[in-house]
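# Structural overview
Here's the letter readout for the chains.
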Amino acid sequence: MAISYPQILDLKNEGQTFSWKAKDTILYALGVGMGWDPLNDDERAFVYEKDLKPVPSQAGVVAWGANAGNTGINYLMVVDGERKIVFHKPLPTSGEVVASSRIVGAWDKGPGKGAVVMSETELRDKPTGELMLTITGSTFARGDGGFGGPSEGQPEPHKVPDRAPDMSVDIPTRDDQAVIYRLSGDYNPLHIDPAVAKMAGFEKPILHGMCTYGITCRAVLQTYAEFDPARFKSHQARFSAPVYPGETITVDLWKDGDVVSFEARIKARGVTVIKNGKTVLG
Ligand SMILES: CCCCCCC[C@@H](O)CC(=O)SCCNC(=O)CCNC(=O)[C@H](O)C(C)(C)COP(=O)(O)OP(=O)(O)OC[C@H]1O[C@@H](n2cnc3c(N)ncnc32)[C@H](O)[C@@H]1OP(=O)(O)O
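Residues numbered from 1 in each chain as written. Predicted model: local features only at pLDDT ≥ 70, side-chain atom pairs only at ≥ 80, totals over all residues. Heavy atoms only, no water.

## Some words on the site of the ligand
Surrounding the ligand, one finds 25 residues, the nearest of these being Gly81, Gln154, Asp186, His191 and Phe239. Here an oxygen atom of the ligand and a side-chain polar atom of Lys109 are 3.0 Å apart. Mapped onto the shell around the ligand, the elements with two or more residues apiece are β2 (78-87), β4 (115-125), β5 (131-141) and β7 (232-239). Broken down by element, the residue count for the shell around the ligand peaks at 5 residues, all from β2. For the shell around the ligand, the class distribution of residues is 8 nonpolar, 10 polar and 7 charged. (Near = heavy atom within 4 Å. Polar contact = N/O pair within 3.5 Å; in protein donor to acceptor, adjacent residues only side chain to side chain. Helix = DSSP H or I, 4+ residues; strand = E, 2+ residues; numbered from the N terminus. Nonpolar A, V, L, I, M, F, W, Y, C, P; charged D, E, K, R; others polar.)

## Here's the deal with the environment of Gly33
Relative to the elements of secondary structure, Gly33 occurs in the loop between α1 (22-31) and α2 (41-44). According to the relative accessible area criterion, Gly33 is buried, its value standing at 5%. In this structure the C-alpha to C-alpha distance between Gly33 and Val98, which are 65 residues apart in sequence, comes to 28 Å. (Buried < 20%, exposed > 50% of the residue type's maximum accessible area, 1.4 Å probe, protein only.)

## Re the confidence of the model for the protein chain
Confidence in the prediction of the protein chain, expressed as mean pLDDT, is 97, and 100% of residues score 70 or more. Confidence, expressed as mean pLDDT per element, reaches its minimum in the protein chain at α2 with 96 and its maximum at strand β8 (residues 248-256) with 99. Reported confidences for the modelled complex are a pTM of 0.98 and an ipTM of 0.98. (pLDDT = per-residue confidence, 0-100.)

## Digging into the state of the cysteines
One covalent bond between the sulfur atoms of two cysteine residues makes up a disulfide. By the definition in use, this model includes 0 disulfides. In this model Cys217 remains outside any disulfide bridge; the closest cysteine sulfur is found in Cys211, 12 Å from its own. (Disulfide = S-S within 2.5 Å.)

## Details of the UniProt feature "domain: Peroxisomal multifunctional enzyme type 2-like N-terminal" (unreviewed entry) in the protein chain
UniProt records the feature "domain: Peroxisomal multifunctional enzyme type 2-like N-terminal" (unreviewed entry) for residues 18-143 in the present numbering. Between the C-alpha atoms that bound residues 18-143 there is a distance of 30 Å. The span itself is 11% helix and 39% strand. (UniProt positions renumbered as here; feature names shortened; annotations may be inferred.)

Shown next as structure tokens:
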């Protein structure tokens, strides 16, 4: 199959339900490396059922698998491109939501380059019907360039300030980070199976983009949000290069009022892995 344009823009899917419990919230926190130090009082609150707090970026996985329908892309060659989470309400530590997903755009970067497919999922609290989250995601489909869609018109990503970062934090990952993270829902073999990773063009399994995204969320939480998840109004980023499990991620942050801009890099390789990051705090 391949991308059919413009039919792909008609894809939508409503009514899928998803739920999560405190145990899922704790597992997610561990998956993004939170709470490994038992003596760290701030982080323990994210892995202990007593007065449990969620890492806000867990919002990106509570309905993992919600989708608008079959886009026709070659999933072996897919990498995660971008994500934006808008929090209409703070994420609870357990809940049940109803998803509405649709495709909002598809751009052709040319044969041999790839395609960008952007989707939007709204999650409503099942008991009350209230809108809880809007999640916009871009899939970069490296095997689907040349499908005949527009090359122009993709939304411009957020620009981080030109000045030197106001703060930088180093957050280590473990060699088994992806093995733990995948238990939160993204079982893509790219992140665990060396043979699949090779077929997809990588020397070894890479870390989930959304795990790195969670690590940038941790950086904002600890640096500018006093570990208070309710302060997150939105969190967005673009994945610019793969991360390998075991690497230390340096998150550079800029604060301008309630807007925190960020990028992430792997110092050891001199590579920027997250660009165009923006959190709005309230
Ligand atoms: C809802 C979604 C669900 C998705 C499910 C995902 C399942 C997961 O299990 C998969 C993963 O987690 S994969 C791991 C995370 N992702 C990555 O590691 C990708 C890292 N990024 C790259 O490799 C390159 O930037 C790459 C390959 C993305 C692009 O590199 P280049 O081809 O060199 O691109 P470049 O020349 O810089 O730009 C070409 C045009 O594409 C746009 N663009 C670039 N990066 C983008 C990105 N990350 N997302 C969206 N658009 C992007 C550029 O703006 C440019 O556009 P234009 O030609 O119009 O200027």
